[in-house]
Amino acid sequence: MKTNRMITYLYKLQHKQQRWPWFRSCYFGLKRVSPLLLIGILIQCLTLSFFQPHGFFYEIYHLDKIQWVAEANSITHLLSCVFFDIALLLLCVLVAWYRGYLFNKKEAVPGAVVALILLFFINFHVRRNPGDGAGQVNLSGNIPFIEMLVIGLISAYFYHITKKYLHLKSVWSFSAATIVLGSLIKGVERLFSMNFFSSLSAPVFAGISSLLNDDQHQILGIILREIGRNLFVWSVFISPDQILVAHTDNDLTRANLSAALIKDNLEGLPHPLNIYSLSDSFAVLGGYGQILALLLLFLLFSRYRTHRINAWKNLFPVFLNVNIGFLAEIPLFFNIVLIIPFIFVPVISILLGALAIKIGLISPSVYQVPLNTPTVLNAFMGTNGHWNSLIFTLTILLISMLMYYPFFKALEMPAFSLTKTREEQR
């Protein structure tokens, strides 16, 4: 009964959020570009797993002996960047177009044009070497989604306000006003990226880093880092090409590895609770936010064929810890319903992992795993094949699915109502 009340409350909360015009515009853009993101991500997974040195399948099948693998690595990386570039460009334009459409149908196309001008102006950089040319447009897969969404929304609002209150009608006046706006945005961007943001964030990250190197506060530091990272992802401060990398190159992990190699076992390690043995082993199953649990719920229990198809399409990249495409497909970004499990399911997984290591139920991960190894196998391979670690990881995955389930049901309710109405109309 309480679960049903919670699901109903979450559904109402989501229904209210979907009324916000800026929110609808962002979701419209994210859903439209998700197929392009998926293609880029599949190519990226191919690159990281098969062609990248120290990749998962690269190491398993010893692909370093094949001569054309290095060339394939460069080609596939370039292809993935092309798809990411196109997706980012379209995302910005579509958000501006749809927000303008919500204002007035006649404002849709002009708003998209303003977005294109702003996008070109903000990302145009003059090269330092005269021999290389006058300048270039720097739009690559490492630009955060939030930048494209903000530029799209600003473009739509800018056109609407200037037309309504400043009465600008000619093409030249709008172009001049857009260039002025672009200059202001570029100035603010430089201020935040070069001075203001770094001065604020440096003490925070330095504090978390000190906690991560202090055994007495190790778990607290890992939890704070996990919460902060997932909040950033939920707030769309993430780029299409961003991937998870295991934290095997730090002092605590190296000390554990040295002790394990000397003793030839995993008992009595100096730092059993660290970011590699906890967060990388149990809190990122399927990428950020333990998202493999939510994907499996869509795959196994969704009432809609389209949801199941989308889950199948994203299963391979999510299994390899690249979940940006699935996050855009749901979409999870700015989603009030999913912020709670997305942040706290990994935290609970870290606490359960710490408890299991502390009581001796499992051994901590020590050994380095190949790049892009499925995180379901991280603890198993990181302990050199301890089966109890694999069983515990699968148990964590099932517990994560149970914690995601009420929120998954809330996501299904609006779509189910819409589908039911359409079937009744037929």
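Trainee: Would you mind going over the overall build of the protein in detail, with residue names and values included?
Mentor: Along the backbone of the protein there are 16 helices and two strands. Within the protein, the proportion of its 426 residues that are buried is 48%. Of all intrachain contacts in the protein linking residues separated by at least 6 positions in sequence, the fraction that spans at least 24 positions is 74%. When the accessible surface of the protein is totalled, it reaches about 21,500 Å², and 66% of it is carbon and sulfur.

Trainee: Run through helix α14 (residues 336–358), naming residues and quoting values.
Mentor: Since the α-helix advances by 3.6 residues per turn, residues separated by three or four positions end up pointing in the same direction. For α14, which comprises 23 residues, the first-to-last C-alpha distance of 34 Å matches the rise-based estimate of 33 Å (1.5 Å per residue) to within 8%. Of all the bends found along α14, the most pronounced is centred on Phe344 and spans about 25 degrees, while Pro346, a proline, follows it within four residues. A side-chain oxygen of the first residue of α14 lies 3.0 Å from the backbone nitrogen of Val337; this N-cap is Asn335.

Trainee: Could you give me a rundown of the environment of Leu37, with the residues and numbers involved?
Mentor: With respect to the element layout, Leu37 can be found in helix α2 (residues 21–51). A sequence separation of 291 residues divides Leu37 from Ala328, and the C-alpha atoms of the two residues are 8.4 Å apart. Those residues in contact with Leu37, other than ones at most four positions away along the chain, are Phe84, Ala87, Phe145, Pro240 and Ala328.

Trainee: Go over a nonpolar patch on the surface with me, naming the residues and quoting the values.
Mentor: Side chains of Trp97, Tyr101, Val109, Val113 and Ile117 sit close together on the surface and give an oily, nonpolar patch of about 410 Å² of accessible area. Sorting the residues of the nonpolar patch by element identifies α4 (69–103) and α5 (108–122) as the ones contributing at least two each. Tallying contributions element by element places α5 first for the nonpolar patch, with three residues. Take Val109: it is sitting in helix α5. Given a relative accessible area of 53%, Val109 falls into the exposed group.

Trainee: Any chance you could break down the side chain of Asn321 for me, citing the residues and the numbers?
Mentor: For Asn321, the position within the fold is in the loop between α12 (305–319) and α13 (324–329). Here the side chain of Asn321 touches Thr375 through a polar contact of 3.0 Å, landing on its backbone nitrogen. Setting aside its immediate chain neighbours within four residues, Asn321 contacts Leu244, Val284, Gly286, Gly287, Asn372, Thr373, Pro374 and Thr375.

Cut-offs used in this document
- Residues numbered from 1 in each chain as written.
- Predicted model: local features only at pLDDT ≥ 70, side-chain atom pairs only at ≥ 80, totals over all residues.
- Heavy atoms only, no water.
- Helix = DSSP H or I, 4+ residues; strand = E, 2+ residues; numbered from the N terminus.
- Buried < 20%, exposed > 50% of the residue type's maximum accessible area, 1.4 Å probe, protein only.
- Contact = heavy atoms within 4.5 Å.
- Areas by Shrake-Rupley, 256 points an atom, 1.4 Å probe, with all protein chains shown as cover.
- Expected span 1.5 Å × (residues − 1).
- Bend = angle between axes of the 7 residues up to and from the residue.
- Polar contact = N/O pair within 3.5 Å; in protein donor to acceptor, adjacent residues only side chain to side chain.
- Patch = residues over 30% accessible without salt bridge, like charges linked within 9 Å, V, L, I, M, F, W, Y side chains within 5 Å.
- Salt bridge = Lys/Arg side-chain N within 4 Å of Asp/Glu carboxyl O.

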